[in-house]
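Understanding the architecture of this molecule
What follows is the residue order along each chain.
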Amino acid sequence: MDLDNLSKIQRVEVPPFLLSKILHKIEQTKKERIPKNISFAMSIIFILILVFNAVILINYHSNANTTESFATSINLISNNSLY
């Protein structure tokens, strides 16, 4: 690697007001937030999805017990073991 080329590096001119532009952009991104009505709607949708999943899980568990009790009531073997 040729280190002599590194000594030829010059300092770059910074455009005027660059720092103020960068700081202004940072302040703009801090001010941008999700509106309250959208966040409220998203939370309601999330809660509804959770409730829907809970109802499905509860019904699945109760249907499994019903199927097993039906199988035993008509004298079917409810397990699949060979021995």
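Above this text you will find the structure in question.
I will try to describe carefully the structure that is included in this document.

Criteria and thresholds
- Here the residue numbers are simple positions, counted from 1 along each chain's written sequence.
- Whole-chain, interface and lining totals are the exception, using all residues; otherwise, since this is a predicted model, local features are given only for residues with pLDDT of at least 70 and side-chain atom pairs are given and counted only at 80 or more.
- Side-chain metrics rest on all non-hydrogen atoms present in the structure, leaving aside hydrogens and water.
- What counts as a helix is a DSSP run of H or I of at least four residues, what counts as a strand is a run of E of at least two, and both are numbered from the N terminus.
- Residue burial is assigned from relative accessible area. The probe radius is 1.4 Å, only protein chains are included, and a residue is buried under 20% of its type maximum, exposed over 50%, and partly exposed in between.
- For the accessible areas, the method is Shrake-Rupley and the probe is 1.4 Å, while residue cover comes only from the protein chains on display.
- Two distance rules govern patches: like charges are joined within 9 Å, and nonpolar side chains (Val, Leu, Ile, Met, Phe, Trp, Tyr) within 5 Å, applied only to residues with over 30% relative accessible area and no salt bridge.
- Only one rule defines a salt bridge in this text: a Lys or Arg side-chain nitrogen within 4 Å of an Asp or Glu carboxyl oxygen.

1. A look at the overall build of the protein
A tally of helices and strands in the protein yields two helices and zero strands. Per-residue burial for the protein yields a buried fraction of 1% across its 83 residues. Carbon and sulfur atoms make up 66% of the accessible area of the protein, which amounts to about 8800 Å² in all.

2. Observations concerning unusual backbone geometry
The phi torsion at F17 lies on the positive side, around 65°, for a residue other than glycine. As for its placement among the helices and strands, F17 is situated in the segment before helix 1 (18-31).

3. Overview of a nonpolar patch on the surface
Together, V14, L18, L19, I22, L23 and I26 line one region of the surface with nonpolar side chains, adding up to about 550 Å² of accessible area. Assignment of secondary structure puts I22 in helix 1.

Limitation: the analysis is restricted to geometry and does not speak to function.
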